[in-house]
Amino acid sequence: MKAPAQVLDISKEWIQYMLTDYESKENSGTTVTVESFATGKGSEVGDGFIGSIIKLYVNAKLSTQSTSSNPENKEYNLVVKLKGEDPNMGFLFEKAQVYMKEVIMYSKILVEFDNFQKNRANNQYPICSPKFIYGKCNDEEFVLVMENIKNKGFCAHTKEETFNIEHLKLAVTQLVRLHAVSYSYNQSWSFLEKHSEFEKTEYGTYFLNFANPALFDLQYEILKKEKDEDLAKKIKSNKKNLVKQCQEMHNENNYKLLCLVHGDVHAMNMMFSYTDGDKNCNNPNDISLLDWQLCHWNTPAVDLQYLIYSTTSREFRKEHLEDILKFYHSSFVEATVKLRVEGLKWTYEDFKGDFNRMALYGLIRGVHLSFGHHCPELIKEYEDEKQKAINQSNFKKTLQAPLVKLSRKYILSSAMDSILNFAIKKSFKPYIKEI
């Protein structure tokens, strides 16, 4: 059955089809009949999610051949993810395979990793994430349905506040599990041979090499207008070296160890649970990772830099950074031993060197994310632009369709360089000005 493209497409018939598919895997021959359902808003602008997040509440009856005369009542509290409204951004995400990767992560890889760590380490390293219910992704459709873990007491960390040491250690522990399990798994079965989608894509490499020069040009233009001539001249004269540094930073051959990384570990992509007595939410006892769309094969430093710089203050890093890095490395080494990896050659000095080589990435991502989440002007500007796209008339969308298809054909070619240069500068200008 065709997947819904927007919240209005979510129908009783589709929900019955989707839930029957799910329940039949648990208990063959189960049929789900929907009694009622309701949808609700799942995320706010500035939360950092790719696409639309929808809450779905369902009351249904489950029946099998043996229970058809007395069906079981069941309530579902779910989260549905759909593509975003912008067709151009949707195309770029498709080229980077972000939708496909998330469906594969939930439906296959997290299951494979869980079975692997249970077999090797007696379930000491489970990777916690919402339960997968249903997923579909092809050239025309994308939908992902998961359990809503708020029902289990999980909640998002307040994005206006930085992490304390307890939150950060719990997040780092979860990254250790992902990194160590994927690295250990790869020693037995070549991960990328089984799941080539998680290699760096042509789009990702192209955008990285193209966007950085455009962003440095933009910084120069803004600084010149702000009459900061000295810094403007430094950026202009050192542009080639800066671009080269960025390219070298993302060269996998420069790193001692590679594994599967989450790729987007900011605060809104984690949910924490607390004991009943922890009214101030200072001491989390569990964590769940969300939003696996940007995961790929890379150095673990990608995740650690992003996490630490996007969730902690400068003062916190001065006091705790070295301890956190030592905690990560010792935990990773211990995990690989228990997962039966032999001959690991990755000393703390090796790890620290990899972490420092990725330092510019952590700083840029942290600052970018901080303004995206905390700057009211940027959030309002984004919200206004998004609403304009949603409110476009069907006639205007029909006129735009041929242009969108044409741009898709040439977007990765040199013919589009000047247009993309302009588009990148326009998109990032508010961020760079604010920074």
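Description of the structure in this document. (Residues numbered from 1 in each chain as written. Predicted model: local features only at pLDDT ≥ 70, side-chain atom pairs only at ≥ 80, totals over all residues. Heavy atoms only, no water.)

A few points about the overall build of the chain
In step 1: From N to C terminus, the chain includes 15 helices and 10 strands.
In step 2: For the chain, buried positions account for 46% of its 435 residues.
In step 3: Nonlocal contacts in the chain, meaning residues at least 24 apart in sequence, comprise 75% of its contacts between residues at least 6 apart.
In step 4: With an accessible surface of roughly 22,800 Å², the chain has 50% of that area assigned to carbon and sulfur atoms. (Helix = DSSP H or I, 4+ residues; strand = E, 2+ residues; numbered from the N terminus. Buried < 20%, exposed > 50% of the residue type's maximum accessible area, 1.4 Å probe, protein only. Contact = heavy atoms within 4.5 Å. Areas by Shrake-Rupley, 256 points an atom, 1.4 Å probe, with all protein chains shown as cover.)

What to know about the nonpolar core
In step 1: Counting residues in each nonpolar core, the largest one holds 69 residues, and the members touching the most others are Phe 113, Leu 260, Met 270, Trp 292 and Leu 307.
In step 2: Contacts of Trp 292, omitting those with residues within four sequence positions, involve Glu 102, Met 105, Tyr 106, Leu 110, Ile 127, Ser 129, Leu 178 and His 262.
In step 3: Of all hydrophobic cores here, the second largest spans 22 residues; its members include Ala 3, Ile 10, Leu 78 and Val 143. (Core = buried A, V, L, I, M, F, W, Y, C linked by side-chain atoms within 4.5 Å.)

Examining the environment of Tyr 306
In step 1: Positionally, Tyr 306 belongs in helix α9 (residues 301-311).
In step 2: For Tyr 306, a relative accessible area of 0% puts it in the buried group.
In step 3: Sequence-wise, Tyr 306 and Asp 264 are 42 residues apart; in three dimensions their C-alpha atoms are separated by 7.4 Å.

Overview of the pattern of salt bridges
In step 1: One pass over the structure, following the stated rule, counts 11 salt bridges.
In step 2: When the shortest N-O distance is used, the salt bridge between Lys 25 and Asp 21 registers 3.3 Å. With a gap of 4 residues between them, Lys 25 and Asp 21 both fall in helix α1 (residues 12-26), about one helical turn apart.
In step 3: Note on Lys 25: relative accessible area 63%, which makes it exposed.
In step 4: For Asp 21, a relative accessible area of 25% corresponds to the partly exposed category.
In step 5: Bridged by salt links that share partners, the residues Lys 81, Glu 102 and Asp 291 form one connected network. (Salt bridge = Lys/Arg side-chain N within 4 Å of Asp/Glu carboxyl O.)

Some remarks on helix α3 (residues 98-121)
In step 1: By the largest-angle criterion, Met 105 marks the main kink of α3, which is about 50°.
In step 2: Positive backbone phi, approximately 55°, marks Asn 122, located one or two places after α3. (Bend = angle between axes of the 7 residues up to and from the residue.)

Here we look at the packing of helix α10 (residues 314-338) against helix α11 (residues 348-357)
In step 1: Relative orientation of the contacting elements α10 and α11 amounts to 120°, with a least axis distance of 10 Å. In terms of their interaxial angle, α10 and α11 are classed as oblique. Between α10 and α11 the crossing geometry is right-handed. Taken together, the residues of α11 that come into contact with α10 (itself represented by Leu 321, Glu 322, Leu 325, Lys 326, Tyr 328 and His 329) are Tyr 348, Phe 351, Lys 352 and Phe 355. (Axes fitted to C-alpha atoms, helices over the stretch in contact; angles between N-to-C directions. Parallel < 35°, antiparallel > 145°, perpendicular 65-115°, else oblique. Left-handed = near helix turned anticlockwise from the far one by under 90°.)

Considering the sheet that holds strand β6 (residues 155-156)
Where strands meet in a sheet, backbone hydrogen bonds hold them as pairs that are either parallel or antiparallel.
In step 1: The strand order across the open sheet built from 3 strands is β6-β8-β9, with neighbouring strands paired in antiparallel fashion. In this open sheet, the two edge strands, each paired with only one partner strand, are β6 and β9 (284-289).
In step 2: As paired elements, strand β8 (residues 270-274) and β9 share 5 bridges and run antiparallel to each other. Counted as the bridge partner of Met 270 is Leu 289 from β9.
In step 3: Strands β8 and β9 of the sheet are contacted by helix α4 (residues 165-188), whose axis makes an angle of about 45° with β9. (Pairing = 2+ DSSP bridges.)

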